[in-house]
Structures are given as structure tokens and as C-alpha cells.
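# Fold and geometry: a report
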Amino acid sequence: MSESTSFSLGALEVTGLIDLVAQLRDVLESPSTADPALARLTPNAYPDDAEAAREFRRLTEGDITARRLKDAEVMASSLAAIAPGGDPDPSLELPLQLDAAQVGSWMRTLAAMRLVIATRLGIDADTAYDAKDPAYGIYEWLAYRLESLIEATDLDS
Amino acid sequence: MGMMALATPDLDQETRLSPAAVTPWQTVVWDDPVNLMSYVVRVFRDYFGYTKEHATRLMLSVHNDGQAVVAEGAREQMELHAASMHDYGLWATVRPAEG
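These figures come from a predicted structure and were not determined experimentally.

### Overview of the sheet that holds strand β1 (residues 25-30) of chain B
Residue and element names in this part refer to chain B. With antiparallel pairing, three strands are arranged side by side in an open sheet as β2-β1-β3. The open sheet is flanked by β2 (67-73) and β3 (91-96), the only strands paired with a single partner. Averaged over all neighbouring strand pairs, the angle between strand axes comes to 25°, with direction disregarded. Across six bridges, the pairing between β1 and β3 is antiparallel. Counted as the bridge partner of Val29 is Ala92 from β3.

### Focus: the pattern of salt bridges
Evaluated as defined, the whole model comprises 13 salt bridges over all chains. One salt bridge in this structure joins Glu55(A) and Arg58(A), with 2.7 Å as the shortest N-O distance. One end of the pair, Glu55(A), and the other, Arg58(A), are both in helix α3 (residues 50-82), three residues apart, so they sit about a helical turn from each other. Accessibility expressed as a relative area gives 33% for Glu55(A), which makes it partly exposed. Taking the relative accessible area as the measure of exposure, Arg58(A) reaches 59% and is therefore exposed. A salt bridge links Arg45(B) to Asp154(A); the shortest N-O distance between them is 3.8 Å. Here the residue Arg45(B) occupies a position in helix α3 (residues 37-48), and Asp154(A) occupies one in the segment after α5 (134-152), the pair thus bridging two chains. Assessed through its relative accessible area of 11%, Arg45(B) is described here as buried. Three or more residues are tied together by salt bridges with common partners; here these are Asp154(A), Arg45(B) and Lys52(B).

### Here we look at the packing of helix α1 (residues 11-29) of chain A against α3(A)
Residue and element names in this part refer to chain A. It is the contact of α1 with α3, at a shortest axis distance of 10 Å, that shows an interaxial angle of 155°. The angle between α1 and α3 falls in the class roughly antiparallel. Note that α1 runs across α3; the crossing there is left-handed. From α1, Val14, Leu17, Ile18, Val21, Arg25, Leu28 and Glu29 reach across to α3, where they touch Thr65, Arg68, Leu69, Ala72, Glu73, Met75, Ala76, Leu79 and Ile82. Taken together, the residues of the contact of α1 with α3 sort by class into eleven nonpolar, one polar and four charged.

### Notes on the interface of chain A and chain B
Listed per partner, the contact involves 31 residues of chain A and 25 residues of chain B. Here chain A meets chain B over a buried area of about 2,400 Å², counting both sides, of which 56% is carbon and sulfur. By the criterion of area lost to chain B, the three top residues of chain A are Tyr46(A), Phe56(A) and Arg108(A), representing 20% of everything that side buries. The interface formed by chain A and chain B holds four salt bridges in total. The salt bridge partner of Asp87(B) is Arg67(A), with a shortest N-O separation of 2.7 Å. There are 13 residue pairs in polar contact (both at pLDDT 80 or more) connecting chain A and chain B. Of all the elements in the fold, those that place two or more residues in the side of chain A that touches chain B are α2 (36-41), α3, α4 (100-121) and α5 of chain A.

What counts, and where the lines are drawn
- Residues numbered from 1 in each chain as written.
- Chains lettered and ligands numbered in written order.
- Predicted model: local features only at pLDDT ≥ 70, side-chain atom pairs only at ≥ 80, totals over all residues.
- Heavy atoms only, no water.
- Pairing = 2+ DSSP bridges.
- Helix = DSSP H or I, 4+ residues; strand = E, 2+ residues; numbered from the N terminus.
- Axes fitted to C-alpha atoms, helices over the stretch in contact; angles between N-to-C directions.
- Salt bridge = Lys/Arg side-chain N within 4 Å of Asp/Glu carboxyl O.
- Buried < 20%, exposed > 50% of the residue type's maximum accessible area, 1.4 Å probe, protein only.
- Parallel < 35°, antiparallel > 145°, perpendicular 65-115°, else oblique.
- Left-handed = near helix turned anticlockwise from the far one by under 90°.
- Contact = heavy atoms within 4.5 Å.
- Nonpolar A, V, L, I, M, F, W, Y, C, P; charged D, E, K, R; others polar.
- Buried area = accessible area lost by both parts, 1.4 Å probe.
- Polar contact = N/O pair within 3.5 Å; in protein donor to acceptor, adjacent residues only side chain to side chain.

The structure is reproduced here in C-alpha cells:
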């Protein structure tokens, strides 16, 4: 079984992802604790016990955020290595190889990006959201990219 | 030595004496409108080492019932699992096991 996965991204996808990873890092490094996106990224493990919830958050929030930043850095590095310079031809396909650890970082970072966008769009079980918002298109495209990565690294294939 | 290992009387005694000290806790994963079903299955396989079938069943429980118990055991361990689920972007909580 191969330890690395090969696939390719369009040039515009690469520049798009580089930008999104940078935006995610800004959110993660933001000093504002009131950001609902951050709240979704470090959800409440004890919704019925405020004391335990505080303690859990105190003990884990910093670590979870640090690991997320590390994952984002892994993804940013692999993208930087293939980033097209200047004004890329949109039809340019850029090949990429990821090892198992990098695949994990990519998946978690893509998932985190989708969570942040979903929070910004107001996507949750009970409220309607604007599917015409351009951010929604990015949200769907990230789903496609995450799905593709999962399929490309399917343990049974 | 061999006979004692087979009888394991100490283990039985310890279990009878301290069931309260080992109150099981649970890590529960909750449904959310963002995460892909395929992603949730992959998380359960990668992190817990569950088979594709087991992970898929758990994911479907989360999806259909709104929640599923993904692990049970000592509280500290369940908190570790919950934090790891959060690493992956899932929403997990910790609670005492019922009964």
C-alpha cells in the first residue's frame, strides 16, 4: 500500500486555498474570543455542567488551537511548494504528493475552513442561509475537495 | 505460578469491590449540518481504528438519531477523545454513562 497520495489541483484552486489557509490562520490567531467561528472550532464538551465546561475549555482550548495552526502550516507549506507565480493560466494543473500525515492535516484544515465559512454564512440546523452568497460556492467547493481527498486516500482501495 | 494466573482470583475481587470507582463515562458525537458523512466515517476510522462498517454505523446513528456514543470508559480518556474529535471539527461531549 502506497504511503503517499498523488493528485492535482488547478492553479486557481491552489491560489484560492493559499488565501483560505491564511484567512483561517488569522481567525485562529485572533485575540478576539467573541468570534462565533472560534466557538464552533472549540465547542462545549459539557453543555449541562458549566464548571466542567470551563475546566475542559481551560485545559484544551489552547492545545486544540495550536494543533489546528500546525495542520494549517502543513497545508500552507505543501501549497507554497507548488504555488504558481504571477498570473497563472487557469487551465494549469499542478501535481501534488502528500504523505499520510500531510493528508490528515489537509483534511482537518479543509474541515476547519468549512466550519468557519458555515459560521459566517449562518448555516446551522434551524436557520435558512443565502445559497447565492459567493462564500457558499467556496463552501461547496471545499466539500468537493475534501470528498476527493477522502476518496483518493480510501483505506480499502 | 501458572495455576494462579489461570484462576485470577485477585482480578475478580478487585472488580467486585470497586465498581463505583470505575463509573463509566461516554464520549458522544453530535450531528451537525456542516461535516460530510464521508468525513465523519474517515475520522472514526483514522482516530478510533474502527472498521469501515462500524464507523459507518456510528456515523449513521449520529446522522439519524442526532448523536452516538463513540467511546466509553474513564472520564479522562473520554475527555481526551472529545478534544480529539474537536481537532477534527466534530462536536463531542462527555457525560456519565446511563444505568
